[in-house]
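Listed below, chain by chain, are the residues.
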Amino acid sequence: MDQQSWRLRLREAPAGGTPGRLLGAGVLLGTDLVLTCAHVIPGPKSTVRVEFPLLTGPSKGQWRTATVIEGHWVERHGNDVGDLALLRLTASAPVKSTVVLDRDPAPYDTRVAIDGFPRGRSGGLWVDAVLKGPGGHGDDWVQINPVDFHEQDPRGFSGAGVTETGSDRLLGIMVAVYDTQPDFFHFYMIPAATIAGHLPLVAGHLSGLTVIPDDLLIAPDGARTGRPLGVQRTVTRWLHGEPGTWDIETVFVREDDREAAIALRTTLNLADRERSPGLSTAETRQSDDGTVPRPGSISLAVAAAGMNAEQLAQALNPQSPRHLASVAVVAPDLAEAAPGRVGELLRALHGRGTRLLLVLHGPQPALTGELLPSDRALRWLTRLGERADRLSETERSVRELHRRLAPRVTPLPAPPSPRGADAQLWTVQLAAEHGRGGDIMEKLSHAEQSVEEALLRAGRIERTLQAALDTMLRLRGLLGVAQARLGDHAQDEHPDAVRDYTAAQRLLTGGPSDLGQADQAVRTFVRTVHRILDAERPPGATGPADIDRTEGRAADR
C-alpha cells in the first residue's frame, strides 16, 4: 500500500498561511476528501491546514486547506458514537490516494499499526497494537491495545489510519479518548463499516462485502418497533450469544406476517455496523429491553429464497478475508436447492466455527433434521418452560409493585393481562404432543416468541413501577432528613416549615398523588429549610447548613 499518498497531518490554519498548532492525523481518499475525527477539527465551520508529510521530490512540503463537507460532521455523542468528520480540500492533493477502507473486519487479537502525530513528534510515530473487542461505553468503536507504547501525551493520533499488519488493509481510523479518572488515554478504532454508515460520501472508497443483502435492507422510515415483537428479542438474544441460545438457532416467521418480517429486517440491519447509523434516529435505537442488537454483532445475512445450490454456496462462502462469526440465513427452506444440499452447505459453514441463525417460514424436517441435534425439541421445551417461569415471576412482581403504589401514586400503568400460566400450559401441551411423535419445532418457535413478547411488555411495566417506587422512597427520605435538621435547630414548628412540610407529606402519604407534584412540594420544603437555617446562622459560619445547601441543590436537579 502506498502510504505516502494517504497519510495526512492536520494543523490549524491561521491567517497568513503559516502552519498553526498540530491537531492530529487524517486519511486522504481520492484527490480531495480528508477523513478524520470530529474532535480533531476546531469546529464544523473551521478551515484546517492539511499536510502530506511523506511526499518526496517536487511534491515535498506542499500543503492544502480543507473545510468540513455539509452533512458529514458527526460529533461524538451518547455512548461513544460518532466522532467523525469528512472534509474537502480547497484544491486537489499533490498526488492521488488509491487507498480504500476495507469494511471486512479483522478478527479480534489481530495486530495493527497506527502512525500518528503526537506533540513534539511532527514527523509522526508508528505504534504497534492489537485489536480487541467492542470498546468505550457503547459498541460503535473497537478497543485497541498498544504494544510497548510509552508516550506521556499521545494526543495527535486521532484520525490516523489503522492498518492490518501483514495485509496493510485499512480497517478504520483511530480515536484517542482521555480519561481523567484515572489519568489515562484509551485507544479505539472506528471501523470502516461504521464510518461508511455515518458518512455517505465515503461509500465510493470502500472495499469488501456488504453484510446485509438488498433483499433484507430496510429504510429508516420503514424500520419500526410498533409493538415489542418477540422475534426481535429472540434474534437479539442469539446475536448477543446470551445464555440459553444455541450455535444453530431456528426462528419461524410466517410468510404472511408482515410486521414480523419488518421486525426481523430491522433487527438484522441494526446489527450491521454500516446500516445501524442510518437507523439510529428511529425509535428502534431507543429501546433498553434487549430488542436492539449491538452494531457489529452480525457477520453476514443471506436471503436464500430462490437460490440454487451454486448461488447459495457462493453466498455462504464469500471470497473475502472476513471471519464469519455469526450468519443469519433467511428462508433456506424456500431455496431452489434440495434440502439435503442446503443442509450440507450450512453444516460445512458451521463446521468452520460459524454460529447460524435459520429463519424458516414453515416446517422443514429434511433440513432441520440434517442440522439440529436429535434432542433439540426436548431442550427447546426446557428453554420455553424457563422463559414461562420468568414471565410468571415478572408478572407477580408487577402485581406486587402495583399493589404497593396504587394507594399513593397516580397515574400508573395497569398490570398486563396474566400470560404466565398460559405459557406454562403451552409447554405442557407441546411436551405431550412431542411425546406422540409430532414435529413441533414451528409451534415451539411461535410459542417462545409469544412468551418473549409478553415478557417484554411485563418487564417494561415492572421497570416503570420500580422507578416510581424508588422515586417515592427517595422523596420520603429527603423530606425526613430536611425535617430532622429543622428539629436539630429547634425550628420544626416554624410556620413556613409546617405549611410546606404538611403539603409535601400529604402528597407522599395521602391518597394517590402525581409524583411530579410531590417532587415539587419536597423541593419547596427543602428550600424553605435552607432559608430558615440560613437566617439563624451568624455571618461567616460554616457547618451543617452548608451540607443542607448541597443536598438542596442535588434535589433541585
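Since the model is a prediction, treat every value here as computed from it, not as a measurement. (Residues numbered from 1 in each chain as written. Predicted model: local features only at pLDDT ≥ 70, side-chain atom pairs only at ≥ 80, totals over all residues. Heavy atoms only, no water.)

A.B. asks: Would you mind going over the sheet that holds strand β5 (residues 63-74) with me for this structure?
C.D. replies: Sheet strands line up and pair through hydrogen bonds in the backbone, either parallel or antiparallel. Taken together, 6 strands build a closed barrel; the order of strands is β1-β2-β3-β6-β5-β4 and the barrel is antiparallel. Between one strand axis and the next, the sheet turns by 40 degrees as a mean value, whatever way the strands run. Sheet topology places strand β3 (residues 33-36) next to strand β6 (residues 84-89); 4 bridges connect them, and they run antiparallel. Counterpart to Thr 36 in the pairing with β6 is Ala 85. (Pairing = 2+ DSSP bridges. Helix = DSSP H or I, 4+ residues; strand = E, 2+ residues; numbered from the N terminus. Axes fitted to C-alpha atoms, helices over the stretch in contact; angles between N-to-C directions.)

A.B. asks: Would you mind showing me how to read the nonpolar core here?
C.D. replies: In globular proteins that are soluble, nonpolar side chains generally tend to be buried together. If you look at the biggest cluster of nonpolar residues, it comprises 43 residues, and the most contacted ones within it are Leu 35, Val 50 and Ile 195. No other element matches β6, which puts 5 residues into this core. Dropping the residues within four chain positions of it, Ile 195 is found in contact with Leu 35, Leu 84, Leu 101, Gly 172, Ile 173, Ile 190 and Val 202. Core analysis: the second largest hydrophobic core is formed by 41 residues, Trp 246, Leu 371, Trp 380 and Ala 423 among them. (Core = buried A, V, L, I, M, F, W, Y, C linked by side-chain atoms within 4.5 Å. Buried < 20%, exposed > 50% of the residue type's maximum accessible area, 1.4 Å probe, protein only. Contact = heavy atoms within 4.5 Å.)

A.B. asks: Would you explain helix α3 (residues 230-239) in this entry?
C.D. replies: In an α-helix, one turn spans 3.6 residues, which is why side chains three or four residues apart end up on the same side. Here α3 lies mainly inside the structure; 10 of its 10 residues are buried. When α3 is considered as a whole, its buried residues turn out to be Gly 230, Val 231, Gln 232, Arg 233, Thr 234, Val 235, Thr 236, Arg 237, Trp 238 and Leu 239. Contacts made by the buried residues of α3 are with β15 (248-252), α4 (258-270), β17 (326-330), β18 (355-360), α9 (376-405) and α11 (441-488). Phi turns positive one or two residues past the end of α3, at Gly 241, with a value near 60 degrees.

A.B. asks: How should the packing of α9 against α11 be read in this particular structure?
C.D. replies: Each pair of packed helices gets described by two things: the angle between the helix axes and the distance between those axes. At a minimum axis separation of 8 Å, α9 and α11 run at an interaxial angle of 25 degrees. The angle between α9 and α11 falls in the class roughly parallel. Crossing handedness for the pair α9 and α11: left-handed. Taken together, the residues of the contact of α9 with α11 break down into 21 nonpolar, 6 polar and 9 charged. (Parallel < 35°, antiparallel > 145°, perpendicular 65-115°, else oblique. Left-handed = near helix turned anticlockwise from the far one by under 90°. Nonpolar A, V, L, I, M, F, W, Y, C, P; charged D, E, K, R; others polar.)

A.B. asks: Mind showing me how you'd approach the sheet that holds β18 here?
C.D. replies: Spatially, β15-β18-β17-β16 is the arrangement adopted by the 4 strands of the open sheet, whose pairing is parallel. Each of the sheet's edge strands pairs with one partner strand only, and the pair in question is β15 and β16 (300-303). Between one strand axis and the next, the sheet turns through 15 degrees on average, direction left out of account. In this structure, β15 lies alongside β18, joined through 5 bridges in parallel fashion. By the bridge assignment, Thr 250 is partnered in β18 with Leu 358.

A.B. asks: What is the right way to read helix α12 (residues 495-509) from this model?
C.D. replies: Its 15 residues place the ends of α12 21 Å apart at the C-alpha level, agreeing with the 21 Å of an ideal helix rising 1.5 Å per residue. Of the positions making up α12, those classed as buried are Ala 497, Asp 500, Tyr 501, Ala 504 and Leu 508. Along the long axis of α12, the arc covered by the buried residues comes to 100 degrees, so they all point the same way. Residues of α12 that are exposed and point more than 90 degrees away from the buried face comprise Pro 495 and Arg 506. Contacts made by the buried residues of α12 are with α11 and α13 (515-536). (Expected span 1.5 Å × (residues − 1). Arc of directions from axis to C-beta.)

A.B. asks: How do you make sense of the side chain of His 198 when you look at a structure like this?
C.D. replies: Among the secondary structure elements, His 198 is positioned in helix α2 (residues 192-198). Classification of His 198 as buried rests on a relative accessible area of 14%. Aside from chain neighbours lying at most four places away, what touches His 198 is Val 74, Val 81, Gly 82, Leu 84, Asp 140 and Pro 277.

A.B. asks: In this structure, what is going on with the packing of α9 against helix α10 (residues 420-435)? I would like to understand it.
C.D. replies: One can describe the packing of α9 onto α10 by two numbers: an axis separation of 8 Å at closest approach and a directional angle of 165 degrees. The orientation of α9 relative to α10 falls into the category roughly antiparallel. In this structure, α9 crosses over α10, and the sense of that crossing is left-handed. On α10, the residues that touch Ala 377, Leu 378, Leu 381, Leu 384, Gly 385, Ala 388, Asp 389, Leu 391, Ser 392 and Glu 395 of α9 are Gly 420, Ala 421, Ala 423, Gln 424, Thr 427, Leu 430, Ala 431 and His 434.

A.B. asks: So what exactly am I meant to see when it comes to the environment of Gly 290 here?
C.D. replies: Along the polypeptide, Gly 290 turns up in the loop between α5 (276-279) and β16. Aside from chain neighbours lying at most four places away, what touches Gly 290 is Arg 233 and Thr 236.

A.B. asks: Where do I start with the pattern of salt bridges in this structure?
C.D. replies: Opposite charge on two side chains makes pairing possible when the charged atoms of those side chains draw close. Counting across every chain of the model gives 27 salt bridges. Among the ionic pairs, Glu 344 bridges to Arg 341, the shortest N-O distance being 2.8 Å. In this pair, Glu 344 and Arg 341 are both assigned in helix α7 (residues 339-351), 3 residues apart and thus about one turn of the helix distant. Assessed through its relative accessible area of 41%, Glu 344 is described here as partly exposed. Arg 341 gets classed as partly exposed once you look at its relative accessible area, which sits at 32%. In this structure, the salt-bridge partner of Lys 443 is Glu 433, at a minimum N-O distance of 2.9 Å. (Salt bridge = Lys/Arg side-chain N within 4 Å of Asp/Glu carboxyl O.)

A.B. asks: For this particular structure, what's the right way to read the environment of Val 175?
C.D. replies: With respect to the helices and strands, Val 175 occurs in strand β12 (residues 170-179). Sequence separation between Val 175 and Arg 155 is 20 residues, and the spatial gap between their C-alpha atoms is 9.6 Å. In this structure, Val 175 is in contact with Cys 37, His 39, Asp 83, Trp 141, Ser 158, His 186, Phe 187, Tyr 188 and Ile 190, ignoring residues within four places of it in sequence.

A.B. asks: Please clarify how the pairing of β5 should be interpreted in this entry.
C.D. replies: Regular strands place side chains that alternate from one sheet face to the opposite one. With 5 bridges connecting them, strand β4 (residues 47-51) and β5 associate as antiparallel partners. By the bridge assignment, Arg 49 is partnered in β5 with Thr 65. As paired elements, β5 and β6 share 5 bridges and run antiparallel to each other. Paired with Trp 73 across the bridge in β6 is Ala 85.

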